[in-house]
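# Observations on the three-dimensional arrangement
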Amino acid sequence: MTGPESEGSQVRRAVCPGSFDPITNGHLDIISRASRLYDEVYVAVMINKAKKGLFEIEERIDLIRQATAEFENVRVEAFHGLLVDFCKQRDIPAIVKGLRAVSDFDYELQMAQMNNGLTGVETLFVPTNPTYSFLSSSLVKEVATWGGDVAHLVPPVVLEALNKRLRKD
């Protein structure tokens, strides 16, 4: 037998972590690119009980699953605690992070070095598509809250959810 299922072959796994409140087209760009490079890509939705998000964790997971449905190798799960523990439990050797600007790099480099020092997990930085270099979930929420058009910034399922959540009838 040859190919990915042959004896001794490893399934290549990576994780794309974040709060995804909500998932944006920028996130989807990074997830889709990672899904072409790895056999399995986990989207790890961070649970932070100290922060009240616009969407509950279960809603975020559902929105991400719908937005990534075309990628058969993407799994979506919540996590609490250290990302490296999530990785260790699932035998994930790589974290894939999108970088929007140089300002992201300083923080992400420190995180990458800490994660590698803790468990040997590698972090791969993927430059964000320039179309999304300014995009963040916080910015989407702010613009949508004030009635701005975010249709080009989020998947259709997220736009629908944002409109329902922020509708002021």
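Since the structure is predicted, the reported quantities are computational estimates derived from the model, not experimental observations.

This next bit is on the overall build of the protein. A count of helical and extended segments in the protein gives six helices and five strands. Counting helices and strands in the order they occur from the N terminus, the protein gives β-α-β-α-β-α-β-α-β-α-α. Its C-alpha radius of gyration of 17 Å places the protein within 12% of the 15 Å reference for a compact globule of 169 residues. Within the protein, the proportion of its 169 residues that are buried is 43%. Considering only contacts in the protein between residues 6 or more positions apart, those separated by 24 or more positions represent 74%. When the accessible surface of the protein is summed, it comes to about 10000 Å², and 52% of that surface belongs to carbon and sulfur atoms.

To continue, consider the pairing of strand β2 (residues 40–46). A large share of β2 lies buried, amounting to six of its seven residues. Relative to β2, strand β1 (residues 13–18) is paired through six bridges, and the arrangement is parallel. By the bridge assignment, Val15 is partnered in β2 with Tyr42. Taking the sense of rotation as the criterion, the β-α-β connection linking β1, helix α1 (residues 25–37) and β2 turns out right-handed.

Cut-off values and rules
Residues numbered from 1 in each chain as written. Predicted model: local features only at pLDDT ≥ 70, side-chain atom pairs only at ≥ 80, totals over all residues. Heavy atoms only, no water. Helix = DSSP H or I, 4+ residues; strand = E, 2+ residues; numbered from the N terminus. Rg over C-alpha atoms; globule rule 2.2 N^0.38 Å. Buried < 20%, exposed > 50% of the residue type's maximum accessible area, 1.4 Å probe, protein only. Contact = heavy atoms within 4.5 Å. Areas by Shrake-Rupley, 256 points an atom, 1.4 Å probe, with all protein chains shown as cover. Pairing = 2+ DSSP bridges. Right-handed = clockwise from strand over helix to strand, strands pointing away.

These results come straight from atomic positions and should not be treated as a statement about function.
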